[in-house]
Amino acid sequence: MVLKREYYSGKSTLVFEEVVMKMRIAVFCSLLAVLAVGLSVAQQESPVTAIKAGRLIDPETGTIAVNQVILVEGEKITGVGPNLAIPSGATVIDLSQLTVLPGLVDAHTHMALTYKEEPENNYYYLTYIMDSTPLRAIQAASNGMQLLNSGFTVVRDVGNNALYADAALRQAIEQGWLPGPTVIPSGPMIGSTGGQYWPTPEMYKYHNIMFPEYIDANSPDEIVRAVRENMLFGARTIKLCIDCKPWGYSVDDIKLAISEAAKGGCKVEGHVQTADGAQRAIDAGVYIIAHNNALTPEHHRQMAEKGIILAGTDTPFTAYRGSEAAFKRTVANLRDAWEKRVLLTYSTDFDYWNERMKDPKTGEWLTRGELTINFLETWKTAGIPQADILRAMTINGYKAADILSQRGPIKPGFFADIIAVPGNPLVDIDALRNVRFVMKNGMVFKKDGVMIPEKFFHPGPVKTPNGRWTR
Ligand SMILES: [Zn+2]
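Residues numbered from 1 in each chain as written. Predicted model: local features only at pLDDT ≥ 70, side-chain atom pairs only at ≥ 80, totals over all residues. Heavy atoms only, no water.

1. Notes on the overall build of the chain
1) Next: Within the chain one finds 15 helices and 20 strands.
2) Next: Burial status across the chain gives 50% buried among its 471 residues.
3) Next: Sequence-distant contacts, at least 24 apart, represent 70% of the contacts inside the chain between residues at least 6 apart.
4) Next: As presented, the chain carries roughly 21,800 Å² of accessible surface, and 57% of it is formed by carbon and sulfur atoms. (Helix = DSSP H or I, 4+ residues; strand = E, 2+ residues; numbered from the N terminus. Buried < 20%, exposed > 50% of the residue type's maximum accessible area, 1.4 Å probe, protein only. Contact = heavy atoms within 4.5 Å. Areas by Shrake-Rupley, 256 points an atom, 1.4 Å probe, with all protein chains shown as cover.)

Here it is as structure tokens:
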């Protein structure tokens with residue numbers, strides 16, 4: 001009020017100029033202040049993400065550490081400890097009420113094959129005809145997101161993926177086009193004449209229909225060629241059908257495949273369905289044996305001695321799959337393998353779908369991730385200790401995927417593939433059914449139980465292919 005009156009006094013002009021000047025200085029100062037705050041925010045912004053873990057499981061030792069901090073920068077873990085300083089400006093993720101552990105591994109599955117009761121009466125020969133490679137690749141992409149949502153950050157996808165849908169999915173995920181687990185693809189399964197089929201001459205002679213599912217390799221030359229072809233097209237593991245036919249592969253055949261695969265950095269998984277085939281696979285020294293059905297206690301003993309990994313594919317008996325008799329055998333075989341101290345992995349062989357795959361309580365469809373985690377039923381029924389189940393689902397799975405030097409342990413230098421659940425899976429393994437948080441390669445995919453995958457979608461490539469996409 002006083003000022004206003006002065007405007008009209010004799011010295012009003014001077015006063016007015018003074019006021020304007022003061023205002024200008026004030027505006028300038030506040031601009032400087034805004035800039036300074038902006039600068040200090042820029043200085044404080046840190047590329048580090050700090051995860052506060054209420055409980056942190058080391059699945060290797062089956063132990064828990066409380067109130068840990070995990071520092072993540074880019075794709076990797078940079079620090080883990082109880083009293084780590086959190087850099088100012090770091091993004092803090094509070095999982096102090098949860099149990100934090102490495103992402104889970106399905107060590108044997110098939111994301112790009114889904115045979116159904118309708119329309120093909122569960123007859124997968126028909127699926128191979130009716131579903132094209134591109135269609136199956138797109139379903140595999142969807143399955144990958146569903147698996148990631150349930151905490152599976154690594155998947156070994158071993159055959160029955162038409163013409164390299166599995167390798168294409170790995171590439172797409174690597175390039176940042178969509179979220180998904182790290183895929184370890186095998187390409188088509190390599191077998192002697194016929195593969196897993198009993199083909200008609202019409203099917204077999206020209207290989208135009210259905211046959212991309214298998215590569216026939218009947219001589220040492222053909223075995224070498226088939227292994228090289230798969231590695232050329234993106235395989236990170238080699239899948240051999242040891243005994244799908246009575247003529248099968250000899251110990252020397254298998255050894256040849258192992259040595260050729262090693263040149264491309266791949267290990268060999270042998271599909272076995274007979275006792276003789278199992279013995280040949282063991283004698284040749286395959287890295288992994290798939291399917292436990294035909295293995296005897298003596299095979300288990302030898303596998304433990306040689307350190308051969310088992311992907312047992314231990315199907316539970318549910319409203320949508322299996323029989324009581326088959327389940328009893330599965331449980332007994334899994335139990336025996338555990339008693340003999342075989343290196344066990346969590347593996348499903350999942351490749352089917354039917355109308356009964358619904359949650360009995362809600363009536364909602366079960367996701368591919370929920371169907372996969374439901375294989376816990378077999379492990380629980382077999383009485384495997386929770387710590388050993390968790391080791392099979394993590395450390396042993398990473399070993400089977402042959403990436404244990406890069407992924408798995410929550411330690412500095414490893415990729416940040418981290419999940420969190422309420423409760424304690426070492427006390428109640430079913431806690432893994434309720435994954436609340438998923439981080440893969442340092443990126444958050446799920447938080448507070450909700451998928452937030454936007455950072456995963458990118459027109460890409462986010463990594464320069466450098467001539468080769470995947471190696
Ligand atoms: Zn399989």
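2. Some points on the packing of helix H8 (residues 251-263) against helix H9 (residues 275-284)
1) Next: H9 packs onto H8 with a crossing angle of 45° between their chain directions and a minimal axis gap of 9 Å. It follows that H8 is oblique to H9 by the angle criterion. Viewed along their axes, H8 and H9 form a crossing whose handedness is right-handed. For the pair H8 and H9, the contacting residues are Val 251, Ile 254, Lys 255 and Ile 258 in the first and Arg 280, Ala 281, Asp 283 and Ala 284 in the second.
2) Next: For the contact of H8 with H9, a count of residues per class yields five nonpolar, no polar and three charged. (Axes fitted to C-alpha atoms, helices over the stretch in contact; angles between N-to-C directions. Parallel < 35°, antiparallel > 145°, perpendicular 65-115°, else oblique. Left-handed = near helix turned anticlockwise from the far one by under 90°. Nonpolar A, V, L, I, M, F, W, Y, C, P; charged D, E, K, R; others polar.)

3. Considerations on the sheet that holds strand S7 (residues 152-157)
1) Next: The strand order across the open sheet built from three strands is S5-S7-S8, with neighbouring strands paired in parallel fashion. Among the strands making up the open sheet, the edge pair consists of strand S5 (104-109) and strand S8 (182-185). Ignoring which end each strand starts from, the neighbouring axes of this sheet average 15° apart.
2) Next: Strand direction decides the pairing type here: S5 and S7, joined by four bridges, are parallel. (Pairing = 2+ DSSP bridges.)

4. Examining the pattern of salt bridges
1) Next: Evaluated as defined, the whole model comprises 20 salt bridges.
2) Next: A salt bridge links Lys 116 to Glu 120, with the nearest nitrogen and oxygen atoms 3.2 Å apart.
3) Next: By relative accessible area, which is 2% here, Glu 120 ends up buried.
4) Next: Between Asp 336 and Lys 340 there is a salt bridge, with its nearest N and O atoms 2.7 Å apart. (Salt bridge = Lys/Arg side-chain N within 4 Å of Asp/Glu carboxyl O.)

5. With respect to the pairing of strand S1 (residues 48-58)
1) Next: Most of S1 is tucked away, with eight of its 11 residues classed as buried.
2) Next: Bridge count between S1 and strand S2 (residues 63-73): 10 bridges; the pairing is antiparallel. Note that in S2 the partner of Ala 53 across the bridge is Gln 68.
3) Next: What sits between the antiparallel neighbours S1 and S2 is a turn of four residues, in which Gly 62 has the positive phi angle 70°.
4) Next: As paired strands, S1 and strand S4 (residues 91-102) are joined by seven bridges and run parallel to one another. Across the sheet, the residue bridging to Lys 52 is Asp 94, located in S4.

6. Considering the coordination of the zinc ion
1) Next: Distances from the zinc ion to its protein donors, namely His 108 (NE2), His 110 (NE2) and Asp 349 (OD), fall within the range 2.0 to 2.1 Å.
2) Next: Expressed as a motif, the donor residue spacing for the zinc ion is H-x1-H-x238-D. (Donors = N, O, S within 2.8 Å, 3.2 Å for Na, K, Ca; no water.)

7. Here's the deal with the side chain of His 110
1) Next: Mapping His 110 onto the fold places it in the loop between S5 and strand S6 (115-116).
2) Next: The contacts of His 110, once residues within four sequence positions are left out, are Asp 157, Val 158, Gly 159, Asn 160, Lys 239, Asp 349, Phe 350, Asp 351 and Arg 368.

8. A short note on the environment of Val 158
1) Next: Turning to its location among the elements, Val 158 is positioned in the loop between S7 and helix H5 (165-174).
2) Next: By relative accessible area, which is 0% here, Val 158 ends up buried.
3) Next: Taking the C-alpha atoms as reference points, Val 158 and Met 189, separated by 31 residues in sequence, lie 7.4 Å from one another.
4) Next: Those residues in contact with Val 158, other than ones at most four positions away along the chain, are His 108, Thr 109, His 110, Ser 186, Thr 237, Lys 239 and Glu 269.

9. Quick notes on the nonpolar core
Side chains of nonpolar character tend, in soluble globular proteins, to be buried together.
1) Next: Judged by nonpolar contacts, the single largest core of 92 residues is most densely connected at Ile 190, Ile 238, Ile 289, Met 393 and Leu 432.
2) Next: If sequence neighbours within four positions are ignored, Met 393 has contacts with Gly 103, Leu 104, Val 105, Phe 152, Tyr 346, Ile 373, Leu 376 and Leu 432.
3) Next: Ile 51, Ile 77, Leu 95 and Ile 410 belong to the second-largest nonpolar core, a separate cluster that totals 17 residues. (Core = buried A, V, L, I, M, F, W, Y, C linked by side-chain atoms within 4.5 Å.)

10. A short note on helix H11 (residues 324-339)
1) Next: Helix length check: H11 (16 residues) gives 22 Å between terminal C-alpha atoms against 22 Å at 1.5 Å per residue, within 8%.
2) Next: Among the residues of H11, Phe 327, Thr 330, Val 331, Asn 333, Leu 334, Asp 336 and Ala 337 are the ones counted as buried.
3) Next: Elements in contact with the buried residues of H11: helix H10 (297-306), strand S14 (309-311), strand S15 (343-344) and helix H13 (376-381).
4) Next: Downstream of H11 by a residue or two, Arg 341 has a phi angle that is positive, lying close to 65°. (Expected span 1.5 Å × (residues − 1).)

11. Notes on the environment of Gly 383
1) Next: Inspection of the secondary structure puts Gly 383 in the loop between H13 and helix H14 (386-393).
2) Next: Separated by 45 residues in sequence, Gly 383 and Trp 338 have C-alpha atoms that sit 9.7 Å apart.

12. A word on the sheet that holds S2
1) Next: Taken together, the eight strands give an open sheet; going across it, the order is S3-S2-S1-S4-S17-S18-S19-S20, and neighbouring strands pair in mixed fashion. Each end of this open sheet is capped by a strand with a single partner; those strands are strand S3 (76-81) and strand S20 (450-451).
2) Next: Sheet topology places strand S17 (residues 418-421) next to strand S18 (residues 437-440); three bridges connect them, and they run antiparallel. Each bridged residue has a counterpart across the sheet, and for Ile 418 the counterpart in S18 is Met 439.

13. Describing the state of the cysteines
1) Next: Scanning the model with the defined rule gives one disulfide in all.
2) Next: The disulfide partner of Cys 241 is Cys 244, and the S-S distance across this bridge is 1.6 Å. Because the sign of the S-S torsion sets the handedness, a value of about -55° for the bond joining Cys 241 and Cys 244 places this disulfide among the left-handed ones. (Disulfide = S-S within 2.5 Å.)

14. A look at the confidence of the model for the chain
1) Next: Looking at the chain, the pLDDT average stands at 90 and 89% of residues meet or exceed 70.
2) Next: Confidence over residues 1-16 falls short of pLDDT 50; this stretch has seven contacts with residues more than four positions distant or in other chains.
3) Next: Counting contacts from residues 31-42, a segment whose pLDDT is below 50, to residues more than four positions away or on other chains yields zero contacts. (pLDDT = per-residue confidence, 0-100.)

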